[in-house]
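# Structure at a glance
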Amino acid sequence: MEEIDLVIDMSKDSMERALKHTQIELSKIRAGRASVNMLDGIMVEYYGVPTPLNQVSSVSTPDARTIAIKPFERKLINDLERAIINSNLGLSPANDGEVIRLNIPPLTEERRRDLVKRVKGEIEVARVNIRKVRQEANEELKKIQKDGGSEDEVKKAEDRVQKLTDAYIQKAEQMLVDKEKDIMSV
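All values reported here derive from a predicted model rather than from experimental measurement.

Another aspect to go through is the environment of A31. Among the structural elements, A31 can be located in the loop between α1 (2–27) and β1 (43–46). With relative accessibility at 9%, the residue A31 sits in the buried group. When the C-alpha positions of A31 and V119 are compared, they lie 11 Å apart, and in sequence the two are 88 residues distant. Excluding residues within four positions of it along the chain, A31 makes contact with L107, D182 and I183.

Below is the structure:
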């Protein structure tokens, strides 16, 4: 039935978006190694307009513990430095006039545990969002049945939605395992 397929496709898309959002949030949690993703979300005043840091500078990781930021315009270097300090990343920028270097300190055991707790929290949010999508899909399927849809078709569709839910929750669990391993490895 076309309506049922539409509900299932929309559910799959929503679950996929929930996982993508979680992946983005997890990439912001540092694991002791330098990553250009750590600077995502930092905005810099550029001609009076808040602009993402990576659009006004070149960001690279010359080694595992350093991020190098080279502004496209030299006069922006102080604004970049101020934006990094105000971003609450806990990193101290070293400005040599042309390039800003961020040294990523090694994580302590306690800090690693705190980061794993944050990761678990993000994964729990993903699980809740996936289950919410399942609930909305099942409500839509009940409406279809109420409007004259076949009870057997709706039951099969609910089973498909449950299998989708289980698969996406499994993917979220795998993201947790991978990120936890990444954080806890020294």
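Next comes the rest of the description.
With that out of the way, let us pick up the packing of aromatic side chains. For the structure on display, the rule yields 1 aromatic pair. Their ring planes at 70 degrees and their centres at 4.7 Å tell us that Y46 and Y47 sit as a pair that is edge-to-face. Judged by its relative accessible area of 25%, Y46 is partly exposed. Using a relative accessible area of 58% as the deciding quantity, one classes Y47 as exposed. The ring of Y168 carries the charged tip of K171 above its face, separated from the ring centre by 4.4 Å.

The next point concerns α1. Over its 26 residues, α1 runs 37 Å from end to end, which matches the ideal 38 Å to within 8%, given 1.5 Å per residue. The inward-facing, buried residues of α1 abut α4 (109–146) and α5 (151–184).

Turning our eyes to something else, we now look at the nonpolar core. By size, the foremost hydrophobic cluster in this structure holds 29 residues, and its most contacted members are I4, V119, I123, I130, L141 and I183. Per-element tally for this core: the top contributor is α5, with 10 residues. I42, V44, V56 and L102 belong to the second largest nonpolar core, which has 18 residues in total.

A few words on the pattern of salt bridges. One pass over the full model with this rule turns up 11 salt bridges. Residues R127 and E173 are paired through a salt bridge, measuring 2.5 Å at the closest nitrogen-oxygen approach. On the criterion of sequence distance, the pair formed by R127 in helix α4 and E173 in helix α5 is long-range, its members being 46 residues apart. Of the charged contacts, one joins K142 and E158 as a salt bridge, the two residues approaching to 2.9 Å between their closest N and O atoms. Taken together, the residues span a long stretch of sequence, with K142 in helix α4 and E158 in helix α5 at a distance of 16 residues. With a relative accessible area of 47%, K142 lands in the partly exposed category. Each of the salt bridges in this network shares a partner with another, and the network as a whole consists of E124, R127 and E173.

About the cut-offs
- Each chain has its residues counted from 1, running along the sequence as written.
- Only residues with pLDDT of 70 or above have their local features reported here, since the model is predicted, and side-chain atom pairs are shown and tallied only from 80 upward, although totals for entire chains, interfaces and linings are computed over all residues.
- Computation of side-chain values: all heavy atoms of the structure, hydrogens and water removed.
- Strands are runs of DSSP state E lasting at least two residues, helices are runs of H or I lasting at least four, and both sets are numbered from the N terminus onward.
- Under the scheme applied here, a residue whose accessible area is under 20% of the maximum for its type counts as buried, over 50% as exposed, and between as partly exposed, the area being computed with a 1.4 Å probe on protein chains only.
- Note on definitions: a residue-residue contact is assigned when non-hydrogen atoms from the two residues lie within 4.5 Å.
- Planes of paired rings set the category: under 30 degrees apart is stacked, over 60 is edge-to-face and the rest tilted, where pairs are Phe, Tyr or Trp rings (Trp by its six-membered ring) whose centres lie within 6.5 Å.
- Two conditions define a charge located above a ring, namely a distance within 6 Å from the ring centre to NZ of Lys or CZ of Arg, and an angle within 35 degrees of the ring normal.
- Here, expected helix span is obtained from the residue count minus one, scaled by 1.5 Å.
- Among buried residues, those of type Ala, Val, Leu, Ile, Met, Phe, Trp, Tyr and Cys that are joined through side-chain atoms within 4.5 Å constitute a nonpolar core.
- The term salt bridge refers to a pairing of a side-chain nitrogen on Lys or Arg with a carboxyl oxygen on Asp or Glu at a separation within 4 Å.

Functional significance is not addressed by these values, which are geometric in nature.
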